Amino acid sequence: MPQAPRKTSVAQREIPTAIRNLIVVYLAVSVGAIALLLFGGDPSSGIFLVLFALPWSLFVNQISGLIGIDSAALNLALLAIGVGINAALLYLLGRRLRRRQ
(Lines give C-alpha, C1' and ligand atoms only; values in the text may rest on other atoms or scores of the structure.)
Protein backbone atom coordinates (compact mmCIF):
# COMPACT_ATOMS: atom_id res chain seq x y z
CA MET A 1 0.00 0.00 0.00
CA PRO A 2 1.52 3.38 -0.97
CA GLN A 3 2.40 5.71 1.81
CA ALA A 4 1.22 9.28 1.92
CA PRO A 5 3.97 11.83 1.49
CA ARG A 6 5.29 13.18 4.73
CA LYS A 7 4.46 16.76 5.49
CA THR A 8 7.47 18.86 6.27
CA SER A 9 7.15 21.76 8.60
CA VAL A 10 8.60 25.17 7.88
CA ALA A 11 11.31 24.55 10.49
CA GLN A 12 12.44 21.43 8.62
CA ARG A 13 12.62 23.25 5.28
CA GLU A 14 14.58 26.19 6.68
CA ILE A 15 18.31 26.19 6.31
CA PRO A 16 20.51 26.36 9.42
CA THR A 17 21.21 29.82 10.78
CA ALA A 18 24.97 29.46 10.34
CA ILE A 19 24.58 28.67 6.62
CA ARG A 20 22.10 31.52 6.19
CA ASN A 21 24.55 33.94 7.81
CA LEU A 22 27.35 32.60 5.61
CA ILE A 23 25.25 33.21 2.48
CA VAL A 24 24.38 36.75 3.57
CA VAL A 25 28.03 37.58 4.33
CA TYR A 26 29.17 35.99 1.05
CA LEU A 27 26.66 38.02 -0.97
CA ALA A 28 27.46 41.24 0.90
CA VAL A 29 31.19 40.86 0.35
CA SER A 30 30.60 39.94 -3.31
CA VAL A 31 28.46 43.04 -3.86
CA GLY A 32 31.21 45.03 -2.16
CA ALA A 33 33.74 43.54 -4.60
CA ILE A 34 31.52 44.53 -7.54
CA ALA A 35 31.20 48.07 -6.16
CA LEU A 36 34.95 48.25 -5.63
CA LEU A 37 35.52 47.21 -9.23
CA LEU A 38 32.98 49.67 -10.60
CA PHE A 39 33.79 52.68 -8.44
CA GLY A 40 37.33 51.97 -7.22
CA GLY A 41 39.09 53.25 -10.30
CA ASP A 42 41.80 50.58 -10.16
CA PRO A 43 41.27 47.71 -12.63
CA SER A 44 43.24 45.32 -10.43
CA SER A 45 40.54 45.58 -7.76
CA GLY A 46 38.57 43.06 -9.83
CA ILE A 47 40.68 40.25 -8.41
CA PHE A 48 38.40 40.08 -5.37
CA LEU A 49 35.38 39.44 -7.57
CA VAL A 50 37.30 36.82 -9.53
CA LEU A 51 38.15 35.05 -6.28
CA PHE A 52 34.56 35.12 -5.03
CA ALA A 53 33.28 33.72 -8.34
CA LEU A 54 35.69 30.76 -8.39
CA PRO A 55 35.52 28.14 -9.99
CA TRP A 56 33.18 29.77 -12.53
CA SER A 57 35.56 32.67 -13.13
CA LEU A 58 37.94 30.23 -14.81
CA PHE A 59 35.49 29.92 -17.71
CA VAL A 60 34.87 33.63 -18.33
CA ASN A 61 37.60 33.92 -20.95
CA GLN A 62 36.40 30.83 -22.83
CA ILE A 63 32.77 31.95 -22.81
CA SER A 64 33.53 35.46 -24.06
CA GLY A 65 35.78 33.90 -26.72
CA LEU A 66 32.97 31.61 -27.87
CA ILE A 67 30.52 34.49 -28.04
CA GLY A 68 33.05 36.64 -29.86
CA ILE A 69 32.52 39.69 -27.67
CA ASP A 70 35.40 41.08 -25.63
CA SER A 71 33.67 43.41 -23.21
CA ALA A 72 34.28 44.36 -19.59
CA ALA A 73 30.51 44.53 -19.02
CA LEU A 74 30.10 40.95 -20.29
CA ASN A 75 32.93 39.76 -18.04
CA LEU A 76 31.34 41.51 -15.07
CA ALA A 77 27.97 39.93 -15.85
CA LEU A 78 29.53 36.47 -16.13
CA LEU A 79 31.34 36.92 -12.82
CA ALA A 80 28.11 38.07 -11.16
CA ILE A 81 26.40 34.94 -12.50
CA GLY A 82 29.23 32.88 -10.98
CA VAL A 83 28.67 34.54 -7.61
CA GLY A 84 24.95 33.75 -7.89
CA ILE A 85 25.66 30.12 -8.69
CA ASN A 86 27.94 29.84 -5.65
CA ALA A 87 25.27 31.40 -3.42
CA ALA A 88 22.67 28.97 -4.77
CA LEU A 89 25.00 26.04 -4.11
CA LEU A 90 25.51 27.22 -0.53
CA TYR A 91 21.73 27.41 -0.11
CA LEU A 92 21.27 23.89 -1.48
CA LEU A 93 24.01 22.63 0.83
CA GLY A 94 22.19 24.20 3.78
CA ARG A 95 18.91 22.53 2.79
CA ARG A 96 20.62 19.17 2.47
CA LEU A 97 22.23 19.57 5.88
CA ARG A 98 18.86 20.46 7.41
CA ARG A 99 17.25 17.42 5.80
CA ARG A 100 19.95 15.16 7.27
CA GLN A 101 19.13 16.34 10.77
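Now for a description of the structure that goes with this document. Values in this document were obtained by computation on a predicted structure and should not be read as measured data.

### A closer look at the side chain of Ser64
Okay, step 1: Within the secondary structure layout, Ser64 lies in helix α4 (residues 60-67).
Okay, step 2: Of note is the side chain of Ser64, whose polar atom sits 2.8 Å from the backbone oxygen of Val60.
Okay, step 3: Residues contacting Ser64, with those up to four places away along its chain left out, are Ile69, Leu74 and Asn75.

### Considering the packing of helix α2 (residues 17-39) against helix α5 (residues 72-100)
The description of two packed helices rests on the angle between their axes and on the distance between the axes.
Okay, step 1: In contact at an axis separation of 10 Å, α2 and α5 are set at 175 degrees when each is read in the N-to-C sense. Of the possible angle classes, the one that applies to α2 and α5 is roughly antiparallel. Residues Ile19, Leu22, Ile23, Tyr26, Leu27, Ser30, Ile34, Leu37 and Leu38 of α2 lie in contact with α5, whose contacting residues are Leu76, Ala80, Val83, Asn86, Ala87, Leu90, Tyr91, Gly94 and Leu97.

### So, the packing of α4 against α5
Okay, step 1: Packing of α4 against α5 brings their axes to within 10 Å, and their N-to-C directions diverge by 130 degrees. Our classification of the angle between α4 and α5 gives oblique. Note on packing geometry: the crossing formed by α4 with α5 is right-handed. Between α4 and α5, the contacting residues are Val60, Ile63, Ser64 and Ile67 on the first element and Leu74, Asn75, Leu78 and Leu79 on the second.
Okay, step 2: The residue inventory of the contact of α4 with α5, partitioned by class, reads six nonpolar, two polar and no charged.

Definitions and cut-offs
Residue indices begin from 1 for each chain and proceed along its sequence in written order. Per-residue local features of the predicted model are confined to residues with pLDDT of at least 70, and side-chain atom pairs are confined, for both listing and counting, to 80 or more; whole-chain, interface and lining totals are unaffected and use all residues. Hydrogens and water molecules were not included; the side-chain quantities draw on all heavy atoms of the structure. Each helix corresponds to a stretch of at least 4 residues labelled H or I by DSSP, and each strand to a stretch of at least 2 residues labelled E; elements are numbered beginning at the N terminus. We define a polar contact as two N or O atoms separated by no more than 3.5 Å, with the added condition that, inside protein, one atom must be a possible hydrogen donor and the other a possible acceptor, whereas residues neighbouring each other in sequence contribute only through side-chain atom pairs. Any two residues having at least one pair of non-hydrogen atoms within 4.5 Å are treated as being in contact. Lines are fitted to the C-alpha atoms to define the axes, a helix being fitted only along its stretch in contact, and any angle between axes, read from their N-to-C directions, falls within 0 to 180 degrees. Here the angle decides the label: under 35 degrees means roughly parallel, over 145 means roughly antiparallel, 65 to 115 means roughly perpendicular, and every other value means oblique. Left-handed describes a crossing whose near helix is turned anticlockwise from the far helix by less than a right angle; the clockwise case is right-handed. Following the grouping adopted for this structure description, the nonpolar residues are Ala, Val, Leu, Ile, Met, Phe, Trp, Tyr, Cys and Pro, the charged ones are Asp, Glu, Lys and Arg, and the polar ones are all others, Gly among them.

Treat this as a map of the structure, not an account of what it does.
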